[in-house]
Amino acid sequence: MHDGPEFTQCNIVVRDMAATLAFYRRLGLTIDAEANAFHVAVRFANGMLLEFDSTTFARQWDSGRHDSTGGSTVLGLEVATRERVDALYADLTQAGYLGRQQPYDAFWGARYAIVEDPDVNGIGLMSPIDVARKFWPPTQAP
């Protein structure tokens, strides 16, 4: 039996639950929760759990937390196709969300882009890796 840690859950602390849920629903997540909820959990088909917690509720389980939200972490989401990366990026940025990295063919063989959620968390949109599209050395992203 493996005794090391396993990554099973990600909690995102949010300032505005309604804005957060609107963003993630537009991204394509099915979320069964009210806009004024203080805690929302979404389970993916692979078992991974993504949870959104209001800043007030987060203090219930993290007494040492600071009042800021967002940060330098990028939450990676895989989508079905290269075209879906472009379509989601276009939809989200046209809806007013900030595009941090426009879609491009990344050196590791995937189509990749980054948008920001309402709390300035980076959300990486990535297609499946196509080994025929890998290249080295990497070049600066556009």
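Before going into details, it helps to say that this report is about the structure given with it. Predicted model only: the values in this text are computed from it and were never measured.

Okay, the pattern of salt bridges next. Between side chains of opposite charge, a pair can form when the charged atoms approach closely. Evaluation of the coordinates by the stated rule reveals eight salt bridges. Note that Arg111 is salt-bridged to Asp86, the shortest N-O span being 2.8 Å. A residue pair is termed long-range when its members are at least 10 positions apart, and Arg111 in strand E6 (residues 111–116) and Asp86 in helix H3 (residues 82–94) qualify at 25 residues. In this structure, the salt-bridge partner of Arg133 is Asp105, at a minimum N-O distance of 4.0 Å. Of this pair, Arg133 sits in the segment after strand E7 (122–126) while Asp105 sits in strand E5 (residues 99–105), placing them 28 residues apart in sequence. Looking at Arg133, the relative accessible area reads 40%, which means it is partly exposed. On the accessibility criterion, Asp105 (36% relative accessible area) is partly exposed. Counted as one network, the salt bridges with shared partners bring together Arg82, Asp86, Asp105, Arg111, Asp130 and Arg133.

Cis geometry is adopted by the peptide bond preceding Pro137, which originates at Trp136 and carries an omega value of 0°. Counting through the fold element by element, Pro137 comes out in the segment after E7. Its identity as a non-glycine residue notwithstanding, Val120 has a phi of 70°, on the positive side. Its place among the elements puts Val120 in the loop between E6 and E7.

As summarised here, the arrangement of the three strands in space is E1-E3-E2, forming an open sheet in which the pairing is mixed. The open sheet has two edge strands, strand E1 (9–14) and strand E2 (39–43), and neither has a second partner. Each adjacent strand pair in this sheet contributes to an overall mean axis angle of 15°, direction not counted. One ladder, built from six bridges, connects E1 with strand E3 (residues 49–54); its direction is parallel. Looking at the pairing, Val13 lines up with Asp53 of E3.

This part covers the side chain of Glu51. For Glu51, the location among the structural elements is in strand E3. No salt bridge is formed by the buried Glu51; its nearest oppositely charged neighbour, Arg43, is found at 6.5 Å. Of the polar contacts made by the side chain of Glu51, one reaches the side chain of Gln9; its length is 3.2 Å.

Structurally, the position occupied by Glu116 is in strand E6. In this structure the side chain of Glu116 is engaged in a polar contact, spanning 3.1 Å, whose partner is the side chain of Arg100.

Taken in spatial order, the four strands line up as E4-E7-E6-E5 in an open sheet, and their pairing is mixed. In this open sheet, the two strands that pair with only one neighbour each are strand E4 (74–78) and E5. Across this sheet, the average inter-strand angle for adjacent strands is 20°, counted without regard to direction. When E4 meets E7, the two strands line up parallel, connected through five bridges. From the neighbouring strand, Leu75 faces E7, where its bridge partner is Ile123.

About the criteria used
- Residues numbered from 1 in each chain as written.
- Predicted model: local features only at pLDDT ≥ 70, side-chain atom pairs only at ≥ 80, totals over all residues.
- Heavy atoms only, no water.
- Salt bridge = Lys/Arg side-chain N within 4 Å of Asp/Glu carboxyl O.
- Helix = DSSP H or I, 4+ residues; strand = E, 2+ residues; numbered from the N terminus.
- Buried < 20%, exposed > 50% of the residue type's maximum accessible area, 1.4 Å probe, protein only.
- Pairing = 2+ DSSP bridges.
- Axes fitted to C-alpha atoms, helices over the stretch in contact; angles between N-to-C directions.
- Lys, Arg positive; Asp, Glu negative; His and termini not counted.
- Polar contact = N/O pair within 3.5 Å; in protein donor to acceptor, adjacent residues only side chain to side chain.

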